Amino acid sequence: MLILTCPYCGVAAEETELAPGGEAHLTRFGPGSDDAEFESYLFYRENPKGVHFERWRHANGCGKWFHAARCTNTLEVFGTYPAQTTEPPAALREAISAKRPGWSWRSFSEET
Amino acid sequence: MSIRLSTGGRFLNRARPVRFSFNGQRLPGFLGDTLASALLANDQMMVGRSFKYHRARGVVASGSEEPNALVNLGSGNRHEPNQRATTTALFDGLEATSQNHWPSLEFDIGVVNNALMRFLPAGFYYKMFIHPRSFWKHIYEPFIRQSAGLGKAPAPEDQDPDTYEHFYSFVDVLVVGGGVAGLQAALSAAQSGVKVMVIEQSAHWGGRAPVDGGTIDGMDPDAWVEKTLNTLKSMPNVTVHTRLMGAGVYDHGYALAYERLSDHDPDKGGVRHRLWRIRAARIIAATGALERPLSFAGNDLPGVMLASAVRDYVVNYATAPGQSTVVVTNNDDAYRTAIVLKNAGLDVPAIIDARPEGGGALMEEARGLGIRIETGRGIARVRGLRRVVSVQLCEQDGDGAVLEDIPCDAVAMSGGWSPVVHLWSHCGGKLNWNEAGAFFAPDPDRAPTDQTGAPFVYCAGNANGAMDLKTVLQDAVEQSQNVIGSLGCESGDASVPSVAQTQEAPLLPVWLMPAQAPKALRSKAWLDYQNDVKVSDVQLAAQEGFESVEHTKRYTTLGMATDQGKLSNINGLATLSKALGEDIPAVGTTTFRPPYTPISMGAIAGEARGALFQPVRKTPLHDWHEAHGAVWEPVGQWRRPYCFRRDGESTQDAVNREITATRASLGLLDASTLGKIVVKGPDAGRFLDMMYTNMMSTLPVGKCRYGLMCSENGFLSDDGVVARIDDQTWLCHTTTGGADRIHAHMEEWLQTEWWEWKVWTANLTEQYAQIAVVGPQARTVLETLGGLDVSKEALPFMHWVDGTLGGLPVRVYRISFSGELSYEIATPASHGRALWDRLLEAGAAFDATPYGTEALHVMRAEKGFIMIGDETDGTVIPQDLGLHWAISKKKDDFLGKRAQQRTHMTDPDRWKLVGLETLDGSVLPDGAYAVAEGRNANGQRNTEGRVTSTYHSPTLGRGIAMGLVHRGPDRMGEVIRFARDDGETMIEARIVNPVFFDPDGEKQNV
């Protein structure tokens, strides 16, 4: 059972306090998008063995959505950050690079 | 025969004799006995029949690893199957019965399977019972269920009368295991000041050390254990617990532990079992080791036991499993058993040591006691039917040619020891093969890691592969120091107690006895007692191509029983690796999964049963409903009245009466459970235009609008009436079950997509009571209460107004879900009951009739209104339901808009909403499918529609239904056929307009 620290209220929350919300940093495609764009937004998801970025809600706590960077293999948590962003914070990406050299996830990687 | 010795017994309280019963026979024992020791003390060698072959089985072990001695405990609603006699503490009045036999333990018909054994090898069921296919369900499975299996489950109608609970604990270091390793590790850790919790599964501290001997700091182990325990108990940062088993280790330092508070003393009362949910920064698993059996023919006969168990029964329980015990071993440790037996005045005809050179100092000590020692020898076969009569001596490195028949009535066997690595492995810890000890031990470089990536489980002592007293204590201190260091704490005292012990000679791995045993012997050499798996079965699996240890496990069922292969796993995979010609580490182990030993379902449920299973939400009118015949219906966590039954009325009668009265005059509905979410802010209108399919930003203040909400993939998710309260405020009504979900849905989009929009939401569902006043007299009754102009002109349809009614503050919405003239009146929850009482009082003259959810459903269906969850199921889009009018064509975007443009969504071949009228006026079965011509690729009949809502309409005096039908709206008037539950009988129904009653809306337009 995971522990994730909510970046809003600072509580190291038990998994039972949290609701998972799937992959983070999706770009919404609405009317006007072509089928390929829309289907990739709605259906296609990463399934990495390693570094992953995902959404969680502190549902039985402060109610806020946040993002977590986590290793799906070892369940190591690299960090959590507010959901109001389109990309992981630079400091977090550096921290991941230190622990998982050569990592990449969608358009994000050690270099970018 | 097995006997009680006249003296000794560390755990026995001879001053407290107790009586218990086994298969109805009353037997004596002492407080401190386990059921197993008491049975042995009464010469009850046979305690059960085996799973598959129904062979006679006796006690093998002395702890939780016991595979055979599983019994039914208790009776009636306290009956429990598959309880291990070795961990069941004896108490006065204990009732136990044996399992898996018919008609009795002694005379068991199923033992015919034993005679047929060579026809029932591994995979027999798979091979034999596959054809003909139809025989499985009706013939094979019932037969197998009758003849195989362990205990019987309690009767389903029996409610467990005991209570259970969960405890939560947060510690720095959890030490699992109260042997000398666990106590020493706890002491070393606690001296640094961290919070330590020590748990021991049995009632006794010290583990095996007091039985096995040696001295610690000049004390015998018992004295050292007592002193160390007292030190720990005196430390404010330490708690110690017995009868509390570490059951499982999970991610990020989470552990489950299982406490048995009153199993040993049922009269004590209180909670029976407790499940501890522990968060530990670090876990030290000092879980010891388990002795392995040796694989020789007849090693499952009652009287053949683990050498350590024989020693335990003599030393701890003053019970000798035999008066004449042959010891067979591949290591020095089993010599301790021979010495203990001899010193207790019992006969040891021989120690059979598979090692050509024999053992070390312990062998010399045994020889000094006059015990005959046969080195390089093994047991070819144990003779006996229901108990041991003799063993046949042979050369270990031979094919089992009998050298001599040695009479005896018990056999103590030892194939070496395996660390208990379960907790280490539960959360991903990996193992290394230890060649010298012939066991798997934790690989410290591949430990389970926590959220920071740091190892959080450490094994200590036997569990870590440290196998003698001295290295056990050294390892305990070392691991404890590692743990403290990893927590960034200053370590305290790192001194290791001094130990005096007898040096042991190395073990010789022996996986089959004798080494070249022919098939006849191998097929009687058991690996897994509980699931009846033999050496020959594993070899057959390898021969048939089951090369992976996980496949072999499933094919043979090795290690799959309730003991999870505690005794059998290493022997089994060694046998497999030999059959495959591979090294043991290359074959690997199966996966260790929690719990370590089975835990009760009661403990898992904890307090969450009956009324505490989940909270019940009650409206302000709940008590009134309760007092007036409400038939309750759960809706989410709410309880809503389905109808109000009067004396002598059936439920259907009550529903019909409520509908008729409402349509004729006046009905009242408690609508308080409807979700009420306030959405407020400068961007609230823009936000609601994204949430709803229709336009909400243009809704004038004072007006209401019915709205639909879809998920991003286009499917209809919720509906309800939205009221514009002021310039920046909207009140969104949701379905009863949808309030929390929709509020979360709004927050998700606000927080994660449009976080710059200035919008706030609040779920006010429980702040207001809401009462629907429905029927031709609705206006009259409100006018009787007085305080508000509710005339057609002042409050037109789909408008709302604030004011007072009968002196109570209200907001009145003129909306209708029944087709009648109708007002929904919201008032602060604390006024809800008062408003309800006044409406009843003022409505008495008009036959004011409270109605429930079923009348609500029937009336909305008569009007063709959809219900979320009936007409929708997560695959239905608003367009399927003819709700185009509620989907804005002006808006560029809303959630679901893009998805509703996908080709499948715009396909004219979709099933769409229609009304359905049976030709004979009967009620269509709920969920029935309309049957079309032909069959699909799976040979099933094609379908062309299904019923989504179906009721008897008292208004129309006939059955009415709604359904989704292929191109339904284009097929008005057509008759289609629906299958009844039997799948054969058909009901014909005509496709009609779903608005069955008052299609022009004349009743509400007054």
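For the structure given in this document, a descriptive report is provided here.

Conventions and cut-offs
Residues numbered from 1 in each chain as written. Chains lettered and ligands numbered in written order. Predicted model: local features only at pLDDT ≥ 70, side-chain atom pairs only at ≥ 80, totals over all residues. Heavy atoms only, no water. Helix = DSSP H or I, 4+ residues; strand = E, 2+ residues; numbered from the N terminus. Buried < 20%, exposed > 50% of the residue type's maximum accessible area, 1.4 Å probe, protein only. Contact = heavy atoms within 4.5 Å. Areas by Shrake-Rupley, 256 points an atom, 1.4 Å probe, with all protein chains shown as cover. Lys, Arg positive; Asp, Glu negative; His and termini not counted. Charge placed at Lys NZ, Arg CZ, Asp CG, Glu CD. Pairing = 2+ DSSP bridges. Salt bridge = Lys/Arg side-chain N within 4 Å of Asp/Glu carboxyl O.

Section: the overall build of chain B
Counting its regular elements, chain B contains 25 helices and 51 strands. Along the first, second and third principal axes, the C-alpha atoms of chain B reach 115 × 70 × 55 Å. Of all 1006 residues assigned to chain B, the portion counted as buried reaches 58%. Partitioning the contacts of chain B with sequence separation of at least 6, the portion at a separation of at least 24 is 66%. Per element, the accessible surface of chain B, about 39600 Å² overall, is 52% carbon and sulfur. In chain B, 97 side chains carry a positive charge and 118 a negative one; their mean positions are 2 Å apart.

Notes on the pairing of strand S48 (residues 941-953) of chain B
Residue and element names in this part refer to chain B. As paired strands, strand S47 (residues 929-935) and S48 are joined by four bridges and run antiparallel to one another. Looking across to S48, one finds that Tyr929 is bridged to Arg946. Between the antiparallel neighbours S47 and S48 lie five residues, among them Gly939 with a positive phi of about 80°. Relative to strand S49 (residues 958-966), S48 runs antiparallel, the two being bridged by eight bridges. Within S49, the position partnered with Ser953 by the bridge is Arg958. The hairpin turn running from S48 into S49, its antiparallel successor, is four residues long, and Gly957 in that turn takes a positive phi close to 70°.

Some words on the pattern of salt bridges
Residue and element names in this part refer to chain B. This structure, assessed with the given rule, holds 59 salt bridges over all chains. Note that Glu259 and Arg274 form a salt bridge whose closest N and O atoms lie 3.2 Å from each other. Here Glu259, found in strand S14 (residues 254-260), pairs with Arg274, found in strand S15 (residues 273-285); they are 15 residues apart in sequence, far enough to count as distant. A relative accessible area of 11% means that Glu259 is categorised as buried. Taking the relative accessible area as the measure of exposure, Arg274 reaches 14% and is therefore buried. One network of salt bridges, with partners in common, ties together Arg208, Asp212, Arg311, Asp312, Asp333, Arg336 and Glu504.

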